[in-house]
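Residues per chain, in single letters:
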Amino acid sequence: MSKTNQLYLLEQLNNLETAKRENRQRIANIVLEQAFLFEELVTITFWIDKKNSIKAAWVLEWICTHQNLDFILPYLNEFTSKISSLKFDSAIRPCAKICEYLATAYYAKSANKTKETLTLVHIDAIVETGFDWLITPQKIAVRAYTMNTLYLFGLEKEWIHPELKHLIETKIIHESKGTKARGKHVIKLIEKHTKSH
């Protein structure tokens, strides 16, 4: 890992004023043009005590969701083993969204690289962190992405759906309107899946 590359990327992130689309796209373009910077971006995302990690997470999510999810695949060990250590709300939200994208790609009908790369160890780490995010105070978006992620992984791991349903019914449904609506939607999906099996 080159110190120069890291300093260069940090300088770019420092110039990132807000999470506006064009700002994230600008930094994403820099990273995509110099692919070696992607590893630095993942590293900085997990500098959990530094505010720069938030901006790195914004750009990481932007690349994974607007450019190509495959960029994160070589770094899944690091990503999945460190997501549980995130502290800032604004870094957790983009990482929760990446988890949802990984789960969606994993269960997509068409073949893709995520299916080949995402291991049971990665999935277990995402699931464990997801449940932590649901039982700790988190923003609505984190809850929404995570409920969907856990629902998807619960299609194979039978214990997830009953746990998730219980958590939604006893806790999440009593929170904001947004989480209540998403929670009810996920419960319907779980019940539909249960009936079909």
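Everything that follows concerns the structure shown earlier in this document.
Each value, and the rule that gives it
Residues numbered from 1 in each chain as written. Predicted model: local features only at pLDDT ≥ 70, side-chain atom pairs only at ≥ 80, totals over all residues. Heavy atoms only, no water. Axes fitted to C-alpha atoms, helices over the stretch in contact; angles between N-to-C directions. Helix = DSSP H or I, 4+ residues; strand = E, 2+ residues; numbered from the N terminus. Parallel < 35°, antiparallel > 145°, perpendicular 65-115°, else oblique. Left-handed = near helix turned anticlockwise from the far one by under 90°. Contact = heavy atoms within 4.5 Å. Nonpolar A, V, L, I, M, F, W, Y, C, P; charged D, E, K, R; others polar. Phe/Tyr/Trp six-rings, centres within 6.5 Å; stacked < 30°, edge-to-face > 60°. Lys NZ or Arg CZ within 6 Å of the ring centre and 35° of its normal. Expected span 1.5 Å × (residues − 1).

In the contact formed by helix H6 (residues 89-106) and helix H9 (residues 140-153), the axes pass within 8 Å of each other and the chain directions differ by 25°. Classified by the angle their axes make, H6 and H9 are roughly parallel. For the crossing formed where H6 meets H9, the hand is left-handed. Facing H6, whose interface residues are Ile92, Arg93, Ala96, Lys97, Cys99, Glu100, Ala103, Thr104 and Tyr106, H9 presents Ala141, Val142, Tyr145, Thr146, Asn148, Thr149, Leu152 and Phe153. Looking at the contact of H6 with H9 residue by residue, the classes come out as 10 nonpolar, 4 polar and 3 charged.

In this section: the packing of aromatic side chains. Scanning the entire structure with this criterion turns up 7 aromatic pairs. Between Phe38 and Tyr75 the ring centres are 5.6 Å apart and the planes differ by 40°, which places this aromatic pair in the tilted class. Residue Phe38 is located in helix H3 (residues 37-45), and its partner Tyr75 is located in the loop between helix H4 (52-67) and helix H5 (76-82); the two are separated by 37 residues in the primary sequence. An aromatic cluster is built from Phe38, Phe71 and Tyr75, whose rings are joined through pairwise contacts. Geometry around Trp47 places Lys50 over its ring, the cationic atom sitting 5.7 Å from the centre.

Below, the discussion takes up helix H11 (residues 177-195). With 19 residues, H11 extends 27 Å between its outermost C-alpha atoms, agreeing within 8% with the 27 Å of an ideal straight helix rising 1.5 Å per residue. Tucked into the core, H11 has its buried residues touching H9 and helix H10 (160-170).

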